Amino acid sequence: MDNHGQDMYRLAKRLFPICRSITGDGVRDTLSILGEIVPLKTYEVPTGTPVFDWTVPQEWNIRGGFIEDENSKRILDFAWNNLSIVGYSEPVDQIVSREELLEHIYSEPAQPDAIPYVTSYYKRRYGFCMTENQRNALGNGPFHIVIDSELKDGALTYGEIILSGESQQEIFLSTYICHPSMANDNLSGPCLLIYLAKMLSELPRRRYTYRIVFIPETIGSITYLSKNYVHLKKHVVAGFNISCVGDDRTYSYVASRYGNTLADKAAKNVLSFHAPGYQAYSFLQRGSDERQYCAPGIDLPLCAICRSKYGEYPEYHTSLDDLTLISEAGLGGALEVYWKCLMGLEHNYCYRVTCLGEPQLGKRGLYPTLSRKGSANEIRTMTNFIAYADGTNDLFDISNIIHVPVDRLIEIADILRAGGILERMPEARTG
Amino acid sequence: MDNHGQDMYRLAKRLFPICRSITGDGVRDTLSILGEIVPLKTYEVPTGTPVFDWTVPQEWNIRGGFIEDENSKRILDFAWNNLSIVGYSEPVDQIVSREELLEHIYSEPAQPDAIPYVTSYYKRRYGFCMTENQRNALGNGPFHIVIDSELKDGALTYGEIILSGESQQEIFLSTYICHPSMANDNLSGPCLLIYLAKMLSELPRRRYTYRIVFIPETIGSITYLSKNYVHLKKHVVAGFNISCVGDDRTYSYVASRYGNTLADKAAKNVLSFHAPGYQAYSFLQRGSDERQYCAPGIDLPLCAICRSKYGEYPEYHTSLDDLTLISEAGLGGALEVYWKCLMGLEHNYCYRVTCLGEPQLGKRGLYPTLSRKGSANEIRTMTNFIAYADGTNDLFDISNIIHVPVDRLIEIADILRAGGILERMPEARTG
Amino acid sequence: MDNHGQDMYRLAKRLFPICRSITGDGVRDTLSILGEIVPLKTYEVPTGTPVFDWTVPQEWNIRGGFIEDENSKRILDFAWNNLSIVGYSEPVDQIVSREELLEHIYSEPAQPDAIPYVTSYYKRRYGFCMTENQRNALGNGPFHIVIDSELKDGALTYGEIILSGESQQEIFLSTYICHPSMANDNLSGPCLLIYLAKMLSELPRRRYTYRIVFIPETIGSITYLSKNYVHLKKHVVAGFNISCVGDDRTYSYVASRYGNTLADKAAKNVLSFHAPGYQAYSFLQRGSDERQYCAPGIDLPLCAICRSKYGEYPEYHTSLDDLTLISEAGLGGALEVYWKCLMGLEHNYCYRVTCLGEPQLGKRGLYPTLSRKGSANEIRTMTNFIAYADGTNDLFDISNIIHVPVDRLIEIADILRAGGILERMPEARTG
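By convention here, each chain's residues receive numbers from 1 onward along its written sequence. Ligands are numbered from 1 and chains lettered from A, in the order in which they are written. Per-residue local features are limited, in this predicted model, to residues with pLDDT of at least 70; the limit for side-chain atom pairs, both in listing and counting, is 80 or more; totals at the level of whole chains, interfaces and linings are taken over all residues. Side-chain metrics rest on all non-hydrogen atoms present in the structure, leaving aside hydrogens and water.

Enquirer: Tell me about the interface of chain A and chain C, residues and numbers included.
Expert: Contact residues are listed per partner, giving 28 residues for chain A and 32 residues for chain C. Note on definitions: buried area is the accessible-area loss of two parts on being combined, 1.4 Å probe, summed for both. The contact between chain A and chain C buries some 2500 Å² in all, and 48% of this surface belongs to carbon and sulfur atoms. It is Leu356(A), Glu358(A) and Lys373(A) in chain A that bury the most area against chain C; as a group they hold 30% of the surface buried on that side. Salt bridges, as used here, are contacts in which a Lys or Arg side-chain nitrogen is within 4 Å of a carboxyl oxygen on Asp or Glu. Linking chain A with chain C are four salt bridges, by the criterion used here. Residues adjacent in sequence count toward polar contacts only when both atoms are side-chain atoms; beyond that, a polar contact is any pair of N or O atoms within 3.5 Å, and within protein one must be able to donate a hydrogen and the other to accept it. At the boundary of chain A and chain C, one finds 21 residue pairs in polar contact (both at pLDDT 80 or more). Here a strand is any run of E in DSSP of at least two residues, a helix any run of H or I of at least four, and the numbering for each starts at the N terminus. For the side of chain A that touches chain C, the leading source of residues is helix α10 (residues 380-388) of chain A, giving six residues. Residues belonging to the side of chain A that touches chain C are distributed by class as follows: twelve nonpolar, nine polar and seven charged. Here, two residues are considered to be in contact whenever any of their heavy atoms come within 4.5 Å of each other. Asp, Glu, Lys and Arg are counted as charged, while Ala, Val, Leu, Ile, Met, Phe, Trp, Tyr, Cys and Pro are counted as nonpolar; the rest, among them Gly, fall into the polar class.

Enquirer: Outline the pattern of salt bridges, listing residues and values.
Expert: Residues and elements named next belong to chain C. For the structure on display, the rule yields 78 salt bridges over all chains. One salt bridge in this structure joins Glu 170 and Arg 211, with 2.7 Å as the shortest N-O distance. Here Glu 170, found in strand β11 (residues 170-176), pairs with Arg 211, found in strand β12 (residues 209-215); they are 41 residues apart in sequence, far enough to count as distant. Side by side, Glu 170 and Arg 211 carry an identical accessibility label, which is buried. Buried residues are those whose accessible area, probed at 1.4 Å on protein chains only, stays under 20% of the maximum for their type, while exposed residues exceed 50% and partly exposed ones sit between those limits.

Enquirer: Outline the domain arrangement of chain A, listing residues and values.
Expert: Domain extents, as shown, originate in an automatic or database domain assignment. What the domain assignment lists for chain A is domain 1 (2-57 + 155-346), domain 2 (61-152) and domain 3 (350-424). With centres defined by C-alpha atoms, the gap from domain 2 of chain A to domain 3 of chain A works out at 64 Å.

Enquirer: Explain the pairing of strand β5 (residues 74-77) of chain B to me, and be specific about the residues and the numbers.
Expert: If a strand is regular, its side chains alternate between the two faces of the sheet. Two strands qualify as a pair provided that DSSP identifies no fewer than 2 bridges between them. Relative to β5(B), strand β4 (residues 59-68) of chain B runs antiparallel, the two sharing three bridges. Bridge assignment links Phe66(B) to a residue of β5(B), and that residue is Asp77(B).

Enquirer: An account of the sheet that holds strand β1 (residues 41-46) of chain C is needed here, citing residue identities and associated values.
Expert: Residue and element names in this part refer to chain C. If you trace the eight strands from one edge of the open sheet to the other, you get β1-β10-β12-β11-β13-β16-β14-β15, paired in mixed fashion. Unpaired on one side and paired on the other, β1 and β15 (279-281) mark the two borders of the sheet. The sheet shows a mean angle of 20 degrees between the axes of neighbouring strands, direction not considered. Pairing between strand β14 (residues 252-254) and β15: three bridges, direction parallel. Axis definition: a line fit to C-alpha positions, over the contact stretch in the case of helices; interaxial angles, taken between N-to-C directions, run 0 to 180 degrees.

Enquirer: Describe the relation of the copies chain A and chain C, and please don't skip the residues or the numbers.
Expert: Between chain A and chain C, which share one sequence, the superposing operator has a rotation angle of 120 degrees and an axial displacement of 0.0 Å; the RMSD is 0.0 Å. Viewed as a symmetry operation, the transformation between the two copies matches a three-fold axis. Minimal C-alpha distance to the rotation axis in chain A is attained by Asn260(A), lying at 13 Å. Superposing copies: least-squares fit, C-alpha atoms only, residues required to have pLDDT of at least 70 in both.

Enquirer: Outline the sheet that holds strand β4 (residues 59-68) of chain C, listing residues and values.
Expert: Residues and elements named next belong to chain C. Taken in spatial order, the four strands line up as β5-β4-β9-β6 in an open sheet, and their pairing is antiparallel. What marks the edges here is a single partner per strand, and that holds for β5 (74-77) and β6 (92-96). Direction aside, the axes of adjacent strands within the sheet are offset by 15 degrees on average.

Enquirer: Tell me what's going on with the interface of chain B and chain C, and back it up with residues and numbers.
Expert: On the side of chain C, 28 residues touch chain B, which itself brings 31 residues to the contact. Broken down residue by residue, the surface that chain B buries against chain C is led by Asp53(B), Leu284(B) and Arg286(B), which jointly contribute 28%. Between the two partners, chain B and chain C, sit four salt bridges. In this structure, Arg257(B) and Asp390(C) form a salt bridge, with 2.8 Å as the shortest nitrogen-oxygen distance. Taken together, chain B and chain C are joined by 21 residue pairs in polar contact (both at pLDDT 80 or more). Counting only elements with at least two residues in the side of chain B that touches chain C, the list comes to β3 (54-55), α6 (219-235) and α8 (290-293) of chain B. A class-by-class count of the residues in the side of chain B that touches chain C yields 16 nonpolar, eight polar and seven charged.

Structure below.
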C-alpha cells in the first residue's frame, strides 16, 4: 500500500490556519478542501433543530479580534493564532481595566508557553486565551479589547462520503472537523480519513459499503445519529472514530463500552501484531465521539485507534499541538493500521476445511515430500489455519489462536481456497 | 450513620458472663436481653423433633461445677470461668484418682495459658477444661469432682425479628448465640446484629423485608431451615451470616459455595472500597452456619463478612477470646460495612439512561459551561455512571465497572433521577 | 497397581530391532508379538483404498541395503541400523560417484553422532541416512550402493482390541507402530498400551467399552477414522493418543483442539496431582495422531499425555532415541498416570448428597464426637466433597474444586454411598 504519509502531512499544513469550530465557515472551508481529494456531500442542519436531548446551536463566525494596551500596542491578535479567542465568544469592543480584562483571560499556569484551547459553546461569554507568560507580563491598562464575531441562526455543517460495496452492510468511519489550529487533535483525523477514503474508493471491489463522515465533535455526532439512527443500527457491522492519529510516539486503542464489538476485535488483533506494546484504554478513558456512538441504546460496534490519544499527551488542547508534533511517519503508520483493520474485515469470514481429517497437502504441492525432523514446521502456519478452520472461527479468531497476522492469513486462505481445501461459511459473523 | 460502637461493646460486656450452649437457659437469658433493644419473638422447638438429617437434642443446663484437691482446695470452678466445664457434660459427683481425672481434662499444650472451649453435644460424657499450666500443676489427688448439670427433654430456643418492607422479598440475617464466655466468637455477632436490626427498624422506609434470627449454630440453622425452607427459598434475595465481627485486626469475607450470589456481590463490592486489603476466603474455609445455608439444595444467596474470622486468630475458641480482644472500633467498622451492603441492596436496581446519546448535562446545571483541558474530568463519575446505565447493570455492577463506591452512586442516582435523565428498570435483578 | 515397568521395558527390547514402516511385514511382526500379551485382531486395508482425502499407499518391504567404497569396504549397512535407509526407498543397485551419492545422503550437522530418521512415503526416491561424521569421512568413491526393497500393491496393517464394558460408550486408546528402531518415539507407546490393555482386560467389571488400536501414524489414523467414523462419533466419550511415554525426564500434556474435552479434563486433573510441574502444550504443538482425531469435523474427545514429547527432546527422530533413553521407571510412571485417568473416568459421575443441609456424620461414626479447635479439619475432605456434591459437579470437578486427587475421592464416595448420604446422578456427564 501507498502509505500517503507525505500527502496527509501536506494536507494538514494546508488546513492548519483555518479557524474551525462546531459550526461556521471554517468547517465549510475545511470540507471543501477535503472534497478535492474525494468528493463529499455537505449537509447543513439548521440552528434550533432538536437532536436527541440536544438542540443544534447558533452558528458562530469570527473575522478577528485583539487586545491593545494603553499605548495602542497590540499584545494579542486572532490573526497571530486563532486559539487566542475563546470559541463561540460573543462580540465585544470595549475599553476595560486590567481587573476586568483578567476575568476574561485563560492561560495554563502549568504550561507557561502554551496558549490553551478553550470554548464556551452553550453559555454566552467572551474570552481571550494567552500564555501564562503573556498574562504575567500584562501592563496596567486600560486595554482595548475587540472580538469581531457573530452568533446567528444558521446551520451545523458536516460532510459525508458513501462508497457502496457488494453488501448493504456498512463500515462506519467518523472524524471531527471542529478544532481550530491544532495538529494531532484534530487535523490528523480528517487528513487520515480522507486518504483512507481515497484508498477505499480505488479498490477494484468492496465487500462492504463504507460510510465516512466529517462532523463537529459531540453535537455533530449527536446530530448525525439523530438523523441516521435507524439506518446505522441496521447496517453498521463495524466502525472507527478516527482522531489523534498524527504523532509517532505510541499507538493507542480506546475500547467500545464493553470492548467486545467486531471493531474492537479487529483493532486489538491488528495492533497486537503491528504495535504489540500499544496502550489500551477502557471506555472509562473515552473522550471523543465514541461517547455518543457507544452510548446506551446507540451501541454501534465502534472503537478508536489513536497514536497519542487525546488528553494523554502534554501538548493536548494547546498551541503546542502544532505541525511539528505530527509527522509523515506518524500519519502513515496510523493509516497502515486502519488499512489492515479494514482489509481484515473485508476478508473476515468463518472458514471451514472441506474434508474430514487433515487434507493431503503433499499431493497439492503444499507439503515437503521428504519427512525429517522439523519438516512439518515449514508449513505450520498453513496446517494451523486448517486445524482451526472448523466453521466457527473467523479470520481474527484464527489469527489470535495461531498467532499469525491477518494479512498473512488472507494469502494462505487464497491458496487453500484455490486448492479446494477451504471454504467460506455462507454468513459472516458480525460480532 | 451512628456507628453504635459503644452500645455494642457495652452489650457484649453485659452478655459475656452468661453460660450459653446450643440449648438451655443461657440462650433464653441472652435472647431476653437482646429483646430489650429490638423486640424479638422466641421459639421453642421440642427435644426429639426431626430436623432434616438431624434430631433436636436434649436440653442442657448447668448450675455449677468444680474440682477440689485432697486438701479440699478448689482448683477449678465453673463460677470462675464457664469454659471450665465441657459443654453438654453429664452430671458427676465423684472422688477420682489423678489418672481417672486426667482422662476428663482438656487443655491446649500450644497455648499453656488458655482454657480451651470444648463441647460434646451428641455423645454423653463429662469433662473439665483448664490451662496446660493448671494441668501440669495438678497434685496427686484424689480429687473431688462435681458437675451440677442436667440433661432432659426440653427445647431448642431461638429468636426471630421480622421487619416488614415494601416488598415480600427478604434480606436474611443470621447469627448464633450458643457460645459461652467468648467475645469475638461469638458475642460480637448478636451484639452487632441487634443494633443492625435497630437501625433497620428506624428506617423511614424499607424496600425489603428483613428476617433476622438468633439461633444456636449448626443444629439451630438446620432447625430453622427445616421449619422455614419453602418460605426462605421463595423470598430471600440476599443474606449474611454474622459472626466474628468484633476485633479490629482485619476484614474477612467468606464466599458462598460458588461465590456468585447477590450477597457475595454486595460484600465484595463494599469491602473492595472500605477495606481493599481484606482477606477473602473460599467456601472451603467455611465453618459457621453458611455450612447449612449454602448446602446443596438449600443454596440461599448468603455469605459472611467477618473481622478476624473463626479459626484464623490465635485466641479462637479459648478463654483468650475475651472482652479485651474486641473493641468499639472493631464492632463499629463491621457494622458500617454491613450497613453499606444493606443500603447498597436497598438501592440496587438496574438503571437506564432515558435518552439516546449523552444527555445534555449543561442545560441542567450539571456540566461546566466552559470547556477546557480537564474540565470533563470534574463530572467524570456522573458521565461514567450514565455510560453504563444501559438497563443491564445494577448498582454494584456500575460501581465495579467505574470504580466508585455505591454510597456515592446512590447520591448521583438521586440527582440524575431528579433531573429526569435516569430511571430504574422495573425489576431488580437478584443474582 | 502393578506398574509393569519391567514387562514394558523387556517388550521394548524385543521389538526394538524390527524395521517398521507405515506398511509391511515389520508392522505385522510387531502386532504378532503384541498379540501374545493381549489377543488383538489384525486388519489389512488394500493399497489404493480411498480414505478421506488420502489413498492407502503401496506396501513397502526391505530386506537389506548397504554402501561399499572403492575397496569394497562396507561403510553403511541396513543390518547395523535400520534407520540407515530412508523409509519407503525404492530399490537401487548402482555404482555411483561421490557427487551422485551425496545427493542421496541425509545427516544431521547439528548432531554429528546421530543417524537421522527420514522417510519419503508419498514421493518415489531412495536415500541413505548416516551420521554427519560418517558423511565427512566419505572417501572419493566410486561407491556401490544397494537397497533391496520392494514397493508393491499390498495392504496397510493395523491391530485392534475391543474390551467390552457395561456401557456401549467407549474409551478410545490409540498408538502408532510405524517407526523403525527408536525407543521413546515410538516403541514406548505400543509397549505401554498393550499392558494398559492387559490391566483393563483383568478388571472384574468395566463401566466403559475400551477400543484400543495399534496403527501406522497419520495414514493409519486417517484409515481407521475413515472406516469407523460414524461409530466413533457416536460412542467415544474420551480417548488418548499414546506416544513418547518411555523416558523419565518430565511429564507432558498435549491438549485437544480446544483443550476442553473430558479427556483433557481427566489428563489435566490427574497430572496436576501426580506431576504438578508437568509441561502443557497447546494443540499448536501437536504432531501425532491427535492431528487427525481432533481435526475439524472429527473432533473426538481425545488428548495426549507424554513423558518427553515428540519434537521436544534432542534425541527425537535419531538413532540416539534408543533403549538407553527409556526406562522401567519412565514407562511405569506413564502407565500409572494413564491408569489414574481411566479409573477416574470409570468413577466419573455427577454426585449428589441425599439430604438437605449437612448430613449428621457423627451418628454414622464419621465425625469426631468431641468438638474442639481443629476437630472439623480431620474430616474436611469428606465434608468438602459433600459440599460440592450438588448434582452438577462430576468427580473431576470436585477434585479440582477441593484440591484432592480422584483416587482419594473414589474411596470417600464409596464410604458415603455405603452410608446412604451420597448418590450418583443417573446420567454421567460426558464433556
